[in-house]
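Structure assessment
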Amino acid sequence: MKDIKNYEKEKMYSLNEIGLLPSSEPTDISSRSQVNPFTEDEKLPIFVSPMTSVLCKENYLKFSENKVMPILPRNCRYEKFLKGVWQSVSLQEFETLANSDAQDFNGISILVDIANGHIGKLYGLVDKFKTKWPKSIVMIGNIAHPNIYKYCCYCGADYVRVSVGTGSVCSTSVVCGINASHLWLIEGIKDVKEELKNEYYGDSYFLSKHPNFKFTKVIADGGVNTLDKAIKCLSIGYDYIMVGKMFAQCEEACGQTIITNEGKLRKYYGMASEQGQIDISGGANKSPEGIETFVPVNTTVKEFVTKFEAALRSTMSYVGAHNLQELRDKCQYRIMTEAQFKSYYK
């Protein structure tokens, strides 16, 4: 097992710089139909990013009925939290919910939608919320250091979004200098998880300190904007991916569109951008850390999901993985040379 402190000194390679390896031995998989690319909930391992240029109440079902999991943005959620519907809240709103006894939140799915998941207050609130409502499902983030993963597990968070500054319309890295690659992060998180296993199993004192402890599921969030990047994330260890841009290119997305000589384009922006801040709070109240752009509208949710499922099944058959867990366990990768990189991206 790598020492985390030594690992921090290693290079941060991007998803673009790695190639996945097929199985080193013949496999018993002779057809893509023999693999199972779905989660326990019979969904593909994809969350739809809670972006106002993609999702709203009116199109939520158009996504959820196509085997993916949409999350409603903060500004367009329902007045009450409905079981089976993912909704977003701010840290301040989450604190109010954690301190309230007015509603039973068992069974709801909630995202604490903040950019900086390194705020210590967040973990105390999650612990409090999960103690009151242990059957609730809570997603937090975003984190950009592997060591923070253990605090997600300590408080009982069900999911954590991983990475800061990697999104195609996120300018946090350019503004703040904060950045960590998906590859570097997941390798570090896997090391932290191994350390936690050694602490957790058979240790009653550990559980008495962290009664809500669980191994938090990890979501690659930001810059997952091509099929190969999405599949690479799932292959190198992420439990799920979160997708914004590729869904913004679907007909069903809700963002503003224009017609040009190049075809139909949709306005696409991050929630930390000036427009994103206006959507959430009615005004830009801080230095924007996102940009606005236009993306081509060239597919539907069903077409995209069908293409993604086929590609994922194909990767799993190459690797010899019957299910997603086997894909994470078996798949290996190698860093590409500059020449190989040019060969890869034809």
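Scroll up for the structure.
The structure contained in this document is the topic of the report that follows. All values reported here derive from a predicted model rather than from experimental measurement. (Residues numbered from 1 in each chain as written. Predicted model: local features only at pLDDT ≥ 70, side-chain atom pairs only at ≥ 80, totals over all residues. Heavy atoms only, no water.)

1. Some details on the overall build of the chain
When its secondary structure is counted, the chain shows 14 helices and 13 strands. A total of 346 residues make up the chain; the buried ones form 51% of that total. Expressed as a percentage of contacts within the chain between residues at least 6 apart in sequence, the contacts between residues at least 24 apart total 64%. Total accessible area on the chain stands at roughly 16400 Å², and carbon and sulfur atoms take up 49% of it. (Helix = DSSP H or I, 4+ residues; strand = E, 2+ residues; numbered from the N terminus. Buried < 20%, exposed > 50% of the residue type's maximum accessible area, 1.4 Å probe, protein only. Contact = heavy atoms within 4.5 Å. Areas by Shrake-Rupley, 256 points an atom, 1.4 Å probe, with all protein chains shown as cover.)

2. So, the packing of helix α3 (residues 91-98) against helix α4 (residues 120-132)
In the contact formed by α3 and α4, the axes pass within 9 Å of each other and the chain directions differ by 35°. Where α3 crosses over α4, the handedness of that crossing is left-handed. Contacts from Leu91, Phe94, Glu95, Leu97 and Ala98 in α3 reach Lys121, Leu122, Leu125, Val126, Lys128, Phe129 and Lys132 in α4. A class-by-class count of the residues in the contact of α3 with α4 yields 8 nonpolar, no polar and 4 charged. (Axes fitted to C-alpha atoms, helices over the stretch in contact; angles between N-to-C directions. Left-handed = near helix turned anticlockwise from the far one by under 90°. Nonpolar A, V, L, I, M, F, W, Y, C, P; charged D, E, K, R; others polar.)

3. Digging into helix α9 (residues 227-236)
Within α9, 8 of the 10 residues are buried, which leaves the element mostly enclosed by the surrounding structure. Buried within α9 we find Lys229, Ala230, Ile231, Lys232, Cys233, Leu234, Ser235 and Ile236. Immediately beyond the C-terminal end of α9, within one or two residues, lies Gly237, with a positive phi of roughly 140°.

4. A short note on the packing of aromatic side chains
This structure, assessed with the given rule, holds 18 aromatic pairs. A ring pair is formed by Phe63 and Phe247, whose centres lie 5.5 Å apart and whose planes are at 85°; its orientation type is edge-to-face. Of the two residues, Phe63 is situated in helix α2 (residues 60-64) and Phe247 in helix α10 (residues 245-248); the sequence distance between them amounts to 184 residues. Both residues of the pair, Phe63 and Phe247, count as buried. Note on Phe81 and Phe105: the rings are 5.8 Å apart at their centroids and 85° apart in plane angle, and the pair reads as edge-to-face. Highlighted residues: Phe81 in the loop between β3 (69-72) and β4 (86-89) and Phe105 in the loop between α3 and β5 (109-112), separated in sequence by 24 residues. What makes Phe81 buried here is its relative accessible area of 12%. Every member of this aromatic cluster is reached through a ring pair, and the members are Tyr123, Tyr151, Tyr154, Phe206, Phe213 and Phe215. (Phe/Tyr/Trp six-rings, centres within 6.5 Å; stacked < 30°, edge-to-face > 60°.)

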